[in-house]
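For reference, the chains in residue letters:
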Amino acid sequence: MSIRILQAFLLFAVGLLAACVPANTPLQLAYTPGPAVIVTDDVYESDAFTVHYPSGWRVVTGAADAPTSVVFVAPDEQSTITLQVGALENVTLGESGFVVEIRDVELTDGMLVTAIARAPEGVWEAFFPTFEAVVATVQ
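K.L.:
How should the overall build of the chain be read in this particular structure?
P.N.:
Secondary structure summary: the chain contains 3 helices and 8 strands in total. Ordered by position from the N terminus, the helices and strands of the chain form the series α-α-β-β-β-β-β-β-β-β-α. Counting every position in the chain, which comprises 139 residues, the buried fraction comes to 27%. A fraction of 42% describes how many contacts in the chain between residues 6 or more apart in sequence connect residues 24 or more apart. Taken as a whole, the chain presents about 9400 Å² of accessible surface, with 58% of it coming from carbon and sulfur.

K.L.:
It is not clear to me how the sheet that holds strand β6 (residues 80-85) should be interpreted in this structure. Could you clarify?
P.N.:
The strands making up a sheet are joined through hydrogen bonds of the backbone, oriented either antiparallel or parallel. Across the sheet, which stays open at both edges, the 5 strands sit in the order β4-β5-β6-β8-β7 with antiparallel pairing between neighbours. Of all the strands in the sheet, the pair left with one neighbour each is β4 (58-61) and β7 (98-106). Ignoring strand direction, the axes of neighbouring strands in this sheet form an average angle of 15°. Of the pairings in the sheet, the one linking β4 to strand β5 (residues 69-73) comprises 4 bridges and is antiparallel in character.

K.L.:
How should I be thinking about the packing of aromatic side chains in this particular structure?
P.N.:
This structure, assessed with the given rule, holds 7 aromatic pairs. With 5.6 Å between their ring centres and 45° between their planes, Trp124 and Phe127 make a pair best called tilted. Taken together, the residues Trp124 and Phe127, both in helix α3 (residues 124-136) and 3 residues apart, mark about one turn of the helix. In this structure, Trp124 and Phe127 share a single accessibility class: buried. A connected cluster of aromatic rings, assembled from ring pairs, spans Trp57, Trp124, Phe127, Phe128 and Phe131. Just above the ring of Phe98 sits the side chain of Arg118; from NZ or CZ to the centre is 3.8 Å.

K.L.:
Got a minute to help me understand the environment of Asp65 in this structure?
P.N.:
Mapped onto the fold, Asp65 is located in the loop between β4 and β5. Put simply, Asp65 and Pro35 are 30 residues apart on the chain and 9.2 Å apart in space, counted from C-alpha to C-alpha.

K.L.:
What's the story with the environment of Gln84 in this structure? I'm lost.
P.N.:
Among the secondary structure elements, Gln84 is positioned in strand β6. Separated by 13 residues in the primary sequence, Gln84 and Val71 have C-alpha atoms spaced 8.7 Å apart. Setting aside chain neighbours within four positions, we find Gln84 in contact with Thr68, Ser69, Leu112, Val113 and Thr114. In this structure the side chain of Gln84 is engaged in a polar contact, spanning 3.5 Å, whose partner is the backbone oxygen of Ala87.

K.L.:
Is there a simple way to think about a nonpolar patch on the surface in this case?
P.N.:
A cluster of nonpolar residues, Leu6, Phe9 and Leu10, forms a patch on the protein surface that exposes about 320 Å² of accessible area. Position of Phe9 among the secondary structure elements: in helix α1 (residues 2-18).

K.L.:
Is there a simple way to explain the pattern of salt bridges in this structure?
P.N.:
Side chains bearing opposite charge may pair, as long as their charged atoms lie close to each other. This structure, assessed with the given rule, holds 3 salt bridges. With a closest N to O distance of 2.6 Å, Glu77 and Arg58 form a salt bridge. Within this pair, whereas Glu77 is found in the loop between β5 and β6, its partner Arg58 is found in strand β4, the two being separated by 19 residues in sequence. Note on Arg58: relative accessible area 40%, which makes it partly exposed. One salt bridge connects Arg103 with Glu132, and the closest N-O pair in it is separated by 2.9 Å. On the criterion of sequence distance, the pair formed by Arg103 in strand β7 and Glu132 in helix α3 is long-range, its members being 29 residues apart. Relative accessible area serves as the criterion here: at 32%, Glu132 is assigned to the partly exposed category.

Analysis parameters
- Residues numbered from 1 in each chain as written.
- Predicted model: local features only at pLDDT ≥ 70, side-chain atom pairs only at ≥ 80, totals over all residues.
- Heavy atoms only, no water.
- Helix = DSSP H or I, 4+ residues; strand = E, 2+ residues; numbered from the N terminus.
- Buried < 20%, exposed > 50% of the residue type's maximum accessible area, 1.4 Å probe, protein only.
- Contact = heavy atoms within 4.5 Å.
- Areas by Shrake-Rupley, 256 points an atom, 1.4 Å probe, with all protein chains shown as cover.
- Pairing = 2+ DSSP bridges.
- Axes fitted to C-alpha atoms, helices over the stretch in contact; angles between N-to-C directions.
- Phe/Tyr/Trp six-rings, centres within 6.5 Å; stacked < 30°, edge-to-face > 60°.
- Lys NZ or Arg CZ within 6 Å of the ring centre and 35° of its normal.
- Polar contact = N/O pair within 3.5 Å; in protein donor to acceptor, adjacent residues only side chain to side chain.
- Patch = residues over 30% accessible without salt bridge, like charges linked within 9 Å, V, L, I, M, F, W, Y side chains within 5 Å.
- Salt bridge = Lys/Arg side-chain N within 4 Å of Asp/Glu carboxyl O.

Here it is in C-alpha cells:
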C-alpha cells in the first residue's frame, strides 16, 4: 500500500510541476509599436519634434499606435498645450468657460505639427504668453 501512496504522490507532484510551464509572452509585452521619447525636466524629444515645455508641468505622451503627440498639463490641471504631428481632424471645440487657440507649425523638413492651447477664460491672458513661448521652441 505504501508503494501505491508513493506512486499517487509522484503523479500528483508531476501534475503540479507541469502547471509551472511558462505561458507564451503576450504580444503587448514582446512588441512596443511606438517610437521612444525622451522627457527631461523641460524638454520633450520624439522622433518627430523636440520642444521645451514649462517647468513644473506634467507631460502626457500619446498612444503608441497613433501619430506622435504630447499634452503638457499646467499645474492648475485645466490649462493644456497639445502638440501633434499632422493636421487636426475631428475638432470638437466650444467647451463653455474655456478658450482654445490652434496653431500650425511647419518644421524645416516640411513636417506639420499642430499646437493646441486650451485654458479657462479667467487665466487665458496669463496663459497665452506661455503657449507662444512653447510654440516658438518646436523644432
